[in-house]
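Fold and geometry: a report
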Amino acid sequence: MSRLVFSRTVPDTAAPLETALDAAHTGRAVLEPQQTLLLDAADRLTLWFADGVPTHARHSDGRTGGAALAAFANPGPVRVELHADPAPNAPSECGVAPDAPATHLAGDDVLAARTRDRAPEDADADAESLDAVEAFLADDAAIADIRERAREEAERRADEWGFE
């Protein structure tokens, strides 16, 4: 049974990763971009941790591992819930390299190095071989979706500002 140990909005994705590492968190974290909360959209990332080290990732759209990290790419504030669970049941197909969330979500090389140092020697054995960026670039539907959202946003702003 999991127990909620942390719930708040933080400025970026580095904060929950650092909190989990510093607390040697075992369990999962659920991250939602603040804009998703405002727009009532589904963009949620679940990360599983063992002793503060990320082990698995799954996005609400069904993508797993590195592809889940790429799907979540969010530069702004994030709503985070950390759930402690002494025996987290992460799906085996969702493996990530220990430093991948710090590198791909937070862009924090120092945090990535700290995470690698804490990770067990065989931590990469079950992780996906595809890099998160490669997985994202291979996902034509995600790229088309981003383009469509950007086009809609540009049209909306053009209308607001009176451009034709």
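Our structure is the block above this text.
Predicted, not measured: the structure shown is a model, and the values here were computed from it.

**With respect to helix 5 (residues 109-118)**
- Listed as buried for helix 5 are Leu111, Ala112 and Thr115. All buried residues of helix 5 project into a common sector of 100° when viewed along the axis, lining one side. For helix 5, exposure combined with an orientation more than 90 degrees from the buried face picks out Asp109, Val110 and Asp117.

**Notes on the sheet that holds strand 1 (residues 3-10)**
- Strand order across the open sheet formed by five strands is 1-5-2-3-4, with antiparallel pairing between neighbours. Only two strands of the sheet have a single neighbouring strand rather than two, namely strand 1 and strand 4 (53-59). Each adjacent strand pair in this sheet contributes to an overall mean axis angle of 20°, direction not counted.
- For strand 1 and strand 5 (residues 78-84), the ladder comprises seven bridges, and the chain directions are antiparallel. From the neighbouring strand, Phe6 faces strand 5, where its bridge partner is Leu82.
- Sheet strands touched by helix 3 (residues 65-72): strand 2 (27-33), strand 3 (45-50), strand 4 and strand 5. Its angle to strand 4, the strand with the most contacts, is close to 70°.

Definitions and cut-offs
- Residues numbered from 1 in each chain as written.
- Predicted model: local features only at pLDDT ≥ 70, side-chain atom pairs only at ≥ 80, totals over all residues.
- Heavy atoms only, no water.
- Buried < 20%, exposed > 50% of the residue type's maximum accessible area, 1.4 Å probe, protein only.
- Helix = DSSP H or I, 4+ residues; strand = E, 2+ residues; numbered from the N terminus.
- Arc of directions from axis to C-beta.
- Pairing = 2+ DSSP bridges.
- Axes fitted to C-alpha atoms, helices over the stretch in contact; angles between N-to-C directions.
- Contact = heavy atoms within 4.5 Å.

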